Amino acid sequence: MCFSNNKILSPQRRGGAENSYLYDLRKSLSFRQALGRNPEEEIMDSRLDTSGMTNKDIELSSASPRLRGKFIFLLFGLFLVFAGCGGMADDLDPSGADKRPIVAIGTSGTQVGQTAPDLAIVDSLGNTRTLSSELAALAPGNAVVLYFTMWCPICDSHQSHMLSSVIPAFPGSKYFLVDYVSGSIGGTRQVEVSNGYSGSLFTALADTDMSVLNLFNATMSTTVVIDSSGVVRMNEDYKDGSRLMETLKGL
Amino acid sequence: MKNRVEKYLSASLFLTVACLYPIQASAASCCGGGSASSLILPKFSQSMVDASLSIEKYDGFWNKEGKYIQDPPGSDLRQYRLNVGYAHRLAANWQASVVAPYVWNDNRYSGLSSRTEGVGDTSLSIFYEAFDSIMCTYKVEGIKDLKPASYFGASLTIPTGISPYDDVQSSFDVTGRGFYRLDGIALFDKTVYPWNASLLLSYGTHLERPVDREYGKYVEPYHKRLGDRALGSLSFGYTQFLKELDTVTYTASYSDLWEAEGTINGESDSTPGIRKKSLSGTIAYATAEKDWIIKGSWGHTIKQDGWGENFPATDTFTVGVSHVFQ
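Here the structure is a predicted model, which is why all the values come from computation and not from measurement.

Here the focus is the overall build of chain A. Summing up its helical and strand segments, chain A has nine helices and seven strands in all. Going through the 251 residues of chain A one by one, you find that 32% of them count as buried. Here the analysis covers contacts within chain A between residues at least 6 apart in sequence; of these, 62% occur between residues at least 24 apart.

Structure, rendered in structure tokens:
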């Protein structure tokens with residue numbers, strides 16, 4: 001419809017005498033004509049000479065954009081250098097050395113090898129739990145496992161993995177989900193139910209003031225293992241759960 | 001004069017490719033969000049600068065079985081991203097671009113709130129245009145007019161953001177994933193005015209890296225690699241010509257993102273991979289000269305079972321402006 005009155009010859013039909021750019025340009029002009037514009041006024045009056053125009057012409061047609069481009073790329077390069085050197089990004093290639101701090105065994109603290117201080121926290125049903133009482137109820141060779149959750153997809157996948165793989169292998173230990181985001185006992189209970197963990201082998205704890213989170217210097221998916229004698233055996237990210245299983249196996 | 005010609009020749013491709021980005025999906029801050037997108041420069045144009053602001057609002061997630069689960073009551077989780085990009089023509093059929101985001105994480109739960117910010121992961125891209133002339137047409141006169149404009153490229157994601165393996169205190173500080181990723185990208189675009197269709201396919205692989213620290217705590221060193229990532233996106237658009245030949249283009253897209261499980265010390269990570277299906281709509285206004293474009297888009301995920309796995313459900317609102325130097 002748009003081109004019914006136009007006589008446009010393709011480059012092939014013109015025996016290659018006209019390059020394809022001009023062909024496309026004329027198609028564009030015919031479209032404008034179909035829209036009610038006058039392409040003769042708009043374009044052709046500019047006395048364009050496109051014959052012989054090639055990609056190389058276009059490539060070389062402007063020097064200033066090239067300089068501008070190089071300048072901007074240089075700025076981005078500097079940005080990346082500073083990002084890597086200025087502490088904005090992490091060390092992508094650490095030495096491989098084990099930099100975990102050495103702690104004095106038997107001292108009180110939350111790092112691996114230290115004895116965890118006693119703590120009290122309320123579960124999602126309003127019962128106060130203390131670490132000492134939970135440890136006292138453990139059979140030897142078992143542990144209290146704290147998993148810090150904010151009920152995100154990663155947390156959920158870790159929790160599901162624990163339910164399916166870890167807890168069945170080490171059923172004598174106690175597993176707690178430490179909720180540090182809900183801010184109330186009722187909130188913890190609500191999200192525990194809505195996420196499908198009510199009645200599971202987890203006990204949800206409401207860390208309403210984030211005191212337990214801060215005590216263990218924890219964040220999302222931090223997993224803490226405390227053996228029956230109160231010694232912290234693990235305090236790190238859950239990752240794939242293999243470290244947790246190794247730790248529980250080694251008790 | 002040649003510049004004038006270039007303007008008109010590049011105009012027809014401008015809107016369609018400009019509406020295609022972002023071509024990479026982002027993730028929540030807890031999952032390592034803040035990744036940049038790629039830019040595609042219109043044919044025959046020399047360079048382009050682009051700036052956009054995105055607001056991504058998180059609203060629940062899908063678990064590993066694909067069941068949709070709501071966030072804790074009272075939570076309001078958002079990420080704001082300012083993307084600044086530049087694309088440059090290297091040769092007649094080659095172009096390169098760089099996009100760097102700046103990220104603000106704003107997470108509010110009933111029990112805590114957190115606001116953090118930082119540079120996100122930067123992307124460097126290079127594309128080859130497998131066509132020498134404008135492939136858009138106004139009327140199909142033969143089989144030649146059905147040939148699409150094809151772009152083949154590679155994109156390198158550089159972990160300039162703050163990752164879980166950086167010296168951070170919590171997951172809320174994270175603005176990047178901490179891994180290099182190399183993507184191969186193919187884009188096929190066909191415009192028969194006023195209609196447009198495009199297909200984007202990409203496949204990326206993360207490079208393994210050593211880790212000795214997680215959320216600021218030193219751990220026993222290990223090697224980690226995130227899983228391979230694939231993205232497919234299908235778009236359809238319609239261009240409306242205004243009085244002064246300014247244009248408004250409406251584009252609807254469907255995207256499917258998949259990422260496989262990664263490895264830890266070469267062993268398969270039992271934490272499952274991710275999947276996210278999303279819809280998006282874009283409105284783009286362009287001047288008649290096609291040297292300025294203003295865009296607004298809404299990316300939406302269906303918050304029902306089966307539309308994702310192990311990934312947050314989000315709504316993303318983006319406004320942006322591009323300027324093309326002919």
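Another point: the overall build of chain B. On a plain count of helices and strands, chain B comes out with one helix and 19 strands. Counting over 326 residues, chain B shows a buried share of 55%. When contacts within chain B are restricted to residue pairs at least 6 apart in sequence, those whose partners lie at least 24 apart make up 66%.

Time to look at the nonpolar core. Residues Tyr147, Phe176 and Val178 of chain A are the most contacted members of the largest nonpolar core, which totals 47 residues. In contact with valine 178 of chain A, other than residues within four places in its own chain, are Leu146, Tyr147, Phe148, Thr149, Leu205, Asp207, Val212 and Leu213 of chain A. Counting 16 residues, the second largest nonpolar core, distinct from the first, contains Leu41, Val99, Val119 and Tyr151 of chain B.

What follows covers the pairing of strand β5 (residues 202–206) of chain A. Residue and element names in this part refer to chain A. In terms of burial, β5 is a largely internal element, four of the five residues being buried. Alignment of strand β1 (residues 120–123) against β5, held across two bridges, turns out to be antiparallel. Of the residues in β5, the one forming a bridge with valine 122 is alanine 206. With five bridges connecting them, strand β4 (residues 174–179) and β5 associate as parallel partners. Residue pairing for β5: valine 178 is matched across the bridge by leucine 205. What joins β4 to β5 is helix α7 (residues 185–194), and the crossover it makes is right-handed.

Phi is mostly negative for residues that are not glycine, and the peptide bonds are mostly trans. The peptide bond linking tyrosine 193 of chain B to proline 194 of chain B adopts the cis configuration, its omega dihedral lying at 10°. If you trace the backbone, proline 194 of chain B turns up in the loop between β8 (181–192) and β9 (195–206). A positive phi angle, close to 60°, is found at tryptophan 151 of chain A, a residue other than glycine. Tracing the backbone shows tryptophan 151 of chain A in the loop between β3 (143–149) and α6 (153–169). Given 27 C-beta atoms within a 10 Å radius, tryptophan 151 of chain A is considered buried. Positive phi, close to 70°, is recorded for serine 221 of chain A, a residue that is not glycine. Of note, serine 221 of chain A is situated in the loop between α8 (211–215) and β6 (222–227).

A few words on α6 of chain A. One turn of the α-helix equals 3.6 residues, which is why residues spaced by three or four share an orientation. With 17 residues, α6 of chain A should cover 24 Å at 1.5 Å per step; its first-to-last C-alpha distance of 24 Å lies within 8% of that length. At methionine 162 of chain A, α6 of chain A shows its maximal kink, close to 45°. Looking at α6 of chain A, one finds that the buried residues are Pro153, Ile154, Cys155, Asp156, Ser157, His158, Gln159, Met162 and Val166 of chain A. On its buried face, α6 of chain A is in contact with β3, β4, β5 and α9 (242–249) of chain A together with β1 (47–62) and β19 (311–325) of chain B.

For any part of a model where pLDDT is low, the fine detail of the predicted coordinates should not be relied upon. Residues and elements named next belong to chain B. In the predicted model, chain B carries a mean pLDDT of 87, and 89% of its residues have values of at least 70. The model gives residues 1–34 a pLDDT under 50, and that stretch makes 136 contacts with residues more than four places away or in other chains. With a pTM of 0.80, the predicted complex shows an ipTM of 0.83.

We now examine the sheet that holds strand β15 (residues 267–268) of chain B. Neighbouring strands of a sheet are bound in pairs by backbone hydrogen bonds; such pairs are parallel or else antiparallel. Residue and element names in this part refer to chain B. Pairing is antiparallel in the open sheet, where four strands are placed in the order β10-β11-β14-β15. This sheet does not close on itself; its edge strands, each paired only once, are β10 (209–214) and β15. Sheet topology places β10 next to strand β11 (residues 217–225); five bridges connect them, and they run antiparallel. Looking across to β11, one finds that proline 210 is bridged to histidine 223.

Take the sheet that holds β6 of chain A next. All names here are of chain A. If you trace the seven strands from one edge of the open sheet to the other, you get β2-β1-β5-β4-β3-β6-β7, paired in mixed fashion. Because the sheet does not close on itself, it has two edges, and the strands there are β2 (128–130) and β7 (232–237). Within the sheet, the average angular offset between the axes of one strand and its neighbour, ignoring direction, is 30°. Across the sheet, α6 lies against β3, β4 and β5, angled at about 155° from β3, the strand it touches most. α7 rests against β1, β4 and β5 of the sheet, and its axis sits at about 145° to β5.

With that settled, consider the confidence of the model for chain A. All names here are of chain A. The predicted model of chain A has a mean per-residue pLDDT of 76, with 64% of residues at 70 or higher. Low confidence marks residues 1–63, where pLDDT is under 50. Its contacts with residues over four positions away, or in another chain, come to 76 contacts. When the criterion is pLDDT under 50, residues 84–88 qualifies, and its contacts beyond four places in sequence or with other chains add up to five contacts.

Before going further, it helps to spend a moment on α7 of chain A. When α7 of chain A is considered as a whole, its buried residues turn out to be Gly187, Thr188, Val191 and Glu192 of chain A. Summarising the axial view, the buried residues of α7 of chain A lie within an arc of 130°, below the 170-degree limit, and thus occupy one face.

Before going further, it helps to spend a moment on the environment of glycine 273 of chain B. Residues and elements named next belong to chain B. Mapped onto the secondary structure, glycine 273 falls in the loop between β15 and β16 (274–286). Note on glycine 273: 19 C-beta atoms within 10 Å, which makes it partly exposed. When residues no more than four places from it in sequence are discounted, the contact partners of glycine 273 are Gly227, Glu259, Ala260, Glu261 and Asn310.

Turning to the environment of serine 268 of chain B, a few remarks are in order. Residue and element names in this part refer to chain B. Position of serine 268 among the secondary structure elements: in strand β15. Counting along the chain gives 211 residues from serine 268 to lysine 57, while the straight-line C-alpha distance between them is 31 Å. Sequence-distant contacts of serine 268, defined by excluding residues within four places in its chain, comprise Glu261 and Thr263.

Residues and elements named next belong to chain B. Of the two faces of strand β13 (residues 247–259), only one is covered, namely that formed by Thr247, Thr249, Thr251, Ser253, Ser255, Leu257 and Glu259; the face formed by Val248, Tyr250, Ala252, Tyr254, Asp256 and Trp258 stays uncovered. When strand β12 (residues 229–241) meets β13, the two strands line up antiparallel, connected through 13 bridges. Residue pairing across strands places glutamine 240 opposite valine 248, the latter belonging to β13. In textbook terms, the turn of a hairpin is the stretch between consecutive antiparallel strands, and for β12 and β13 this stretch comprises five residues, one of which, leucine 245, has a positive phi near 70°.

Conventions used here
- Residues numbered from 1 in each chain as written.
- Chains lettered and ligands numbered in written order.
- Predicted model: local features only at pLDDT ≥ 70, side-chain atom pairs only at ≥ 80, totals over all residues.
- Helix = DSSP H or I, 4+ residues; strand = E, 2+ residues; numbered from the N terminus.
- Buried ≥ 20, exposed ≤ 12 C-beta atoms within 10 Å, placed from the backbone.
- Contact = placed C-beta atoms within 7 Å.
- Core = buried A, V, L, I, M, F, W, Y, C linked by C-beta atoms within 7 Å.
- Pairing = 2+ DSSP bridges.
- Right-handed = clockwise from strand over helix to strand, strands pointing away.
- Expected span 1.5 Å × (residues − 1).
- Bend = angle between axes of the 7 residues up to and from the residue.
- pLDDT = per-residue confidence, 0-100.
- Axes fitted to C-alpha atoms, helices over the stretch in contact; angles between N-to-C directions.
- Arc of directions from axis to C-beta.

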